[in-house]
Structures are given as structure tokens and as C-alpha cells.
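# Architecture and fold: a report
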Amino acid sequence: MEYLTVAETAERLGVKRETVYAYASRGLLTSVRGAQRRGSRFAQDEVEALAARGREAGEPSGTVERIRTRITLVADGGPWFRGVAAPALAGSADLEHVAALLWEVPGRVSFDAAPDLLAPARAVLAAAPAGARATDRFRLVVAAVAAADPLRAAARPGAVVATASALLGTVVTTLAGDSGPGPADLAERLLPALLRDPGRAPAPATAGHVRAALVLLADHGLASSTVAARVAASTLADVHAVVSAGLGALDGPRHGLVSGLAHRFLAEAQDDPSGALAQRLRAGERVPGFGHSVYRGTDPRATVLLDRLRADPAADRVVACVDAVVAGMDRGGDGPAPNVDLALAALMHAHDLRPDAGELLFACARTVGWVAHALEEYADPGLRFRPTGVYTGPRPGSTSDASTTTLSV
């Protein structure tokens, strides 16, 4: 039987720790003390039953303040995909294995391109402007695949998995310009779309780093793009629409575009890390690639990728630059720690990837996470995301009412 700490129980129930003890004193929860762990613990099944009773007893508010999920725990040492540490998976698994874990299907997901979807996807991509960013091209291909798939609305788990795996396989095959079946591993198939010069053979270590990055980025709990994807799924929007919603939220400088900003900063810092950092700090500008709202120290995903690069001779110069910047940011011992965006930027420089390669890695990997959250959302009551708006505009009948106000043109 699984047990939860007082803090975990309070979080599950949405109450304070004192309330948990009050529930125990009233017999609503049974407190258990373990021999190896200090403090009270509570049976997870009992906690979930009490949480369900609370939801059923309350009047429906039309809003969702908390989203209960069994997919990813974001905490120090993680993230944890269904109880499995992603940093550990990054050393032995690929995105195909992680998709099977997150989508709860046996074995390994095959991201095979759908032959009947490749033609419209390639036609749309051919019409894209030459300077279109990688994520713009990703969105275009998703839209083309959606338009060409008449059965995309099926929301049964098996159908969702089949649709999602074909979608991602078709997108990657189209973006990479594959002419044949190519490697079975999505990371290797994606490489031509990531390289600054697609005609150049990648270094031997590149595919391994990309594979690890895809695993680490597959999900990160209720990030902004994932919430957007879940809102779309709550309306029973199809997989393509869910992914499009996630891509829309991802495409912002506070979320999925930070790796590109960090890439630009590292380019400035290559010859003089301290000088580049000092210039940013003097200007009062945020240094991209540092700090995280969850992790107290270094983002564990960054640790994995940077450790891989430290063992890669091709990355020596970039790693030295990163270490100098990190040391400068941590001057005095209380500076923000590096996050995964800085590590992605370092990977891009070390292996001559496109400046927007980090964005594409995010989009490909996070598609797997969005689909996992869609599967979970499809099983929940629909249309449950309805925030309560606090109207602050003019009231009807006031002097600023549009019907009585004269506007000068």
C-alpha cells in the first residue's frame, strides 16, 4: 500500500497541514507512523477517497483550481514520469520508450510516418517561406496532417495513440526531408532538421545527446503549454488540435523560445564570458537560461545534458564558456542556477545545430507529453476549465458607457 506524508496529503486535499491533523482526529483519515520515517503518514487510497467525497459534496463552481494528474511529478531529482526518474531514463531510453510509459501502452511506440499524410504535409511545407522558423514549420505540418486525416476525432485511447504516433512520425519525416524509411529511432531521423548544415554528417555523439534531450523534455507537469493542451482536450478537441494548442503556448519568449535566447547569449559570451555577462547585468536584462520556479538548485535536466557535454571533447570550448557564466551568475553563492534552456543552447553550439533547434526539440518531445495529458483529460468531465472573471471595465449606464460616449474620429 502506498502512503503519503502530511505535506503530500495536504496538497492532494487542497488544505493546510493543520486541517489534515484535524481530519485524522475526527476519524476521516488514519494516521500511521513508520519505523523508518519520521512523522505521520496516510494511506493514499484513503486520501483519494476523501478527496473524491469532497468533490462530490461541493457545488460545481465551473472552475478548476487544481488539476489532479498521475503523469509527471516535478520535484528536485526529477522530473518523474509515472514514478520513474527522467534523468535516469535519459541514459538508457529513447522517446519511443518514454511515449509508451506516458501513454500507458506496452513495449515501445513506433513513430511511423503515415504514407497517405506525407504528400499534403510536404506540399504545405514546400509553400512555407524560406526563413520560416522550425516551430512555424512544425505547426504548418500539424495543420496539414489534421486536414488530411478524416478520422482524427476518435477519442478512444487506442485511436488517440495511433493518431498521435502517426502525427509525430509524419511531422519529423517531413521536417527532416527523409526520402526513405530511415532509422527507427526518432532522434536520428530528426537530426537533418536540427543541423545548421543538413548536408553535413553529424558528429558521432550528436544523436545520443539529442536522444537524451528528447527524453528529458517529454513532459514537465502542468507547464503553460500543457495546460493549454489540456484545455483543448477538455472540449474533446482532436489530437492535432491539442498539439496545436500546446504549440501556440510554447511559442513564447517566456516558455519554449528561451533556448534560442540562451543560444544567442552564449554566442556573445564565447570569447569573453565575463564581459558578456557583465553587459547584461549592467543593462538590467535577464540572463536567459538561469533560474526555475520549481527547482531549488540546478535544473536536473540541465545537469544531465551538461554532464554529457563535459564528457564530449567536441564540447570543451562551449562547456568552458558555460562554466564561466555559471560561476559569474553564482558570485556570492546565491545566484540563480542554470536550467535546461542553457544546456540546450550549449548543445546547439557544441554540435553546430540550428539556432532554433532547441525549440524544435521542445516541440517534438513535448508532443508526447501533451498527448499523455489529453488522454487523461478525455477521461475527465468535459468543459471543466472555466475561470471566474473579475470584470473591471465600465458598467452599463456609467458615464463611460460606449452607447452614450461621443468619440472623436
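Sequence order as written defines residue numbering, which begins from 1 separately in each chain. Residue-level local features of this predicted model are given only where pLDDT is at least 70; pairs of side-chain atoms are given and counted only at 80 or more, and the full residue set underlies all totals for whole chains, interfaces and linings. Side-chain metrics in this entry use all non-hydrogen atoms of the structure; hydrogen atoms and water are not considered.

## Comments concerning the pattern of salt bridges
Spelled out, the test is: A pair is scored as a salt bridge if a Lys or Arg side-chain nitrogen falls within 4 Å of a carboxyl oxygen belonging to Asp or Glu. Strands are runs of DSSP state E lasting at least two residues, helices are runs of H or I lasting at least four, and both sets are numbered from the N terminus onward. Exposure classes here rest on a 1.4 Å probe applied to the protein chains alone. A residue is buried below 20% of its type maximum, exposed above 50%, and partly exposed in between.
Using the criterion set out here, one finds 26 salt bridges in the structure. Of the charged contacts, one joins Arg82 and Glu104 as a salt bridge, the two residues approaching to 3.7 Å between their closest N and O atoms. With a gap of 22 residues between them, Arg82 in the loop between β5 (80–81) and β6 (84–85) and Glu104 in the loop between α5 (95–103) and α6 (115–126) connect regions that are remote in the sequence. The partner of Arg280 in a salt bridge is Glu268, with the nearest N and O atoms 3.5 Å apart. A residue pair is termed long-range when its members are at least 10 positions apart, and Arg280 in helix α14 (residues 273–282) and Glu268 in helix α13 (residues 258–269) qualify at 12 residues. The exposure class of Glu268 is partly exposed, given its relative accessible area of 43%. Through salt bridges that share partners, Arg133, Asp136, Arg139, Asp251 and Glu359 make up one connected network.

## Notes on unusual backbone geometry
A cis amide bond links Gly78 to the next residue, Pro79, at an omega of 0 degrees. With respect to the secondary-structure elements, Pro79 resides in the loop between β4 (72–73) and β5. Its identity as a non-glycine residue notwithstanding, Glu104 has a phi of 55 degrees, on the positive side. Even without a glycine there, the phi angle at Leu236 is positive, about 70 degrees. Here Leu236 lies in the loop between α11 (224–234) and α12 (239–250). By relative accessible area, Leu236 is classed as exposed at 55%.

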